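Each chain, letter by letter, is given below.
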Amino acid sequence: KFEKIWLIFGIISLIVFLSIVGVTAFSHDHHPSGGMDTIDPEKIEQTAPFDNPGVTQIDDDTYQVAIVAMAFGYTAPELRVPAGKEIIFKVTSKDVVHSFTIDDTKVNMMVVPGQITTRAYTFEKPGKYLILCNEYCGTGHHFMFTEIEVY
Ligand code: CUA
C-alpha cells in the first residue's frame, strides 16, 4: 500500500517538475530582454523596430538606430545622430552573416539572420563615420558600406 502512495507521489512530483521546466523554458523563449532577440528573416519589414528603419529618438539622451544588413548594402535612410548621446544600434540580416562595423569606433557587431544584434555607443566627436561590413559575405561584400553623420 505504501509503495503505491510513494509511486503516486513520485509521479506527481515528476509532473510538477516537468511543468516548471516547461514554463521556465517557455518564458525564456519569449522574454524580449533576454539576451539576443530573435526575428523571422521573412518578416523583417513588419517587425519593430525594422518596420521603421533609421534613427528614432527614444528620450532626451537616447537614440535608436535600426538597420537591416543584406548583400550589397545596408537598408537605412540617411543616418544622423548627435554626439554625446547614447545611440542604441539594432541590426539584423536578411540573408547571410554580415558585420556592422563603424570605422574609428569600437562598434563591430556580428549580424546574423534570425537575430537582432544590439549595441549601445556614444560618439564623442562629430563628423562622418564610415560603416562597413567586415565579414566576407559573397559578391556583394565590397559594396556594403554606408555613412553615419554625427553632429
Ligand atoms: Cu556583408 Cu560583407
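Basis of the calculations
Residues numbered from 1 in each chain as written. Predicted model: local features only at pLDDT ≥ 70, side-chain atom pairs only at ≥ 80, totals over all residues. Heavy atoms only, no water. Helix = DSSP H or I, 4+ residues; strand = E, 2+ residues; numbered from the N terminus. Rg over C-alpha atoms; globule rule 2.2 N^0.38 Å. Buried < 20%, exposed > 50% of the residue type's maximum accessible area, 1.4 Å probe, protein only. Areas by Shrake-Rupley, 256 points an atom, 1.4 Å probe, with all protein chains shown as cover. Pairing = 2+ DSSP bridges. Axes fitted to C-alpha atoms, helices over the stretch in contact; angles between N-to-C directions. Salt bridge = Lys/Arg side-chain N within 4 Å of Asp/Glu carboxyl O. Phe/Tyr/Trp six-rings, centres within 6.5 Å; stacked < 30°, edge-to-face > 60°. pLDDT = per-residue confidence, 0-100. Contact = heavy atoms within 4.5 Å.

Caption draft 1: Structural context of the overall build of the chain. Scanning the chain for helices and strands turns up one helix and 11 strands. Starting at the N terminus, the α and β elements of the chain follow one another as α-β-β-β-β-β-β-β-β-β-β-β. Here the C-alpha atoms of the chain give a radius of gyration of 22 Å, more than 25% beyond the 15 Å that 2.2 N^0.38 yields for 151 residues. In terms of its C-alpha atoms, the chain occupies a principal-axis envelope of roughly 80 × 40 × 25 Å. Of all 151 residues assigned to the chain, the portion counted as buried reaches 32%. Roughly 9600 Å² of accessible area belongs to the chain as shown, and the carbon and sulfur atoms make up 60% of that amount.

Caption draft 2: Here's a closer look at the sheet that holds strand β5 (residues 79-81). Spatially, β5-β11-β10-β7-β8 is the arrangement adopted by the five strands of the open sheet, whose pairing is mixed. Where the open sheet ends on each side, the last strands, each with one partner, are β5 and β8 (108-111). Adjacent strand axes in the sheet meet at a mean angle of 25° when their direction is disregarded.

Caption draft 3: How the structure looks around the pairing of strand β11 (residues 145-150). In the sheet, β5 pairs with β11 via three bridges, with the strands oriented parallel. For Leu-79, the partnering residue across the bridge sits in β11 and is Ile-148. Bridge count for strand β10 (residues 127-132) against β11 is six bridges, and the pairing is antiparallel. Within β11, the residue paired with Gly-127 across the bridge is Val-150.

Caption draft 4: The arrangement of the pattern of salt bridges in detail. Counting across every chain of the model gives four salt bridges. Lys-94 is the salt-bridge partner of Glu-45, the closest N and O atoms lying 2.8 Å from each other. Of this pair, Glu-45 sits in the loop between β1 (37-38) and β2 (54-59) while Lys-94 sits in the loop between β6 (86-93) and β7 (98-102), and the two are 49 residues apart along the sequence. Of the residues examined, Glu-45 reaches a relative accessible area of 42% and is grouped as partly exposed.

Caption draft 5: Examining the packing of aromatic side chains more closely. Counting across every chain of the model gives seven aromatic pairs. Seen from their ring centres, Tyr-74 and Phe-100 are 5.7 Å apart, and the 90° between their planes marks the pair as edge-to-face. Taken together, the positions of Tyr-74 in strand β4 (residues 73-75) and Phe-100 in strand β7 put the pair 26 residues apart, joining distant regions of the chain. A relative accessible area of 9% means that Tyr-74 is categorised as buried. Residue Phe-100 is classed as buried on the basis of its relative accessible area of 0%. Note on Tyr-121 and Phe-123: the rings are 5.0 Å apart at their centroids and 85° apart in plane angle, and the pair reads as edge-to-face.

Caption draft 6: Representation of the confidence of the model for the chain in the model. Here the chain averages 89 in pLDDT, while 92% of its residues score no lower than 70. pLDDT under 50 marks residues 29-35. Its contacts with residues more than four places away, or in other chains, come to two contacts.

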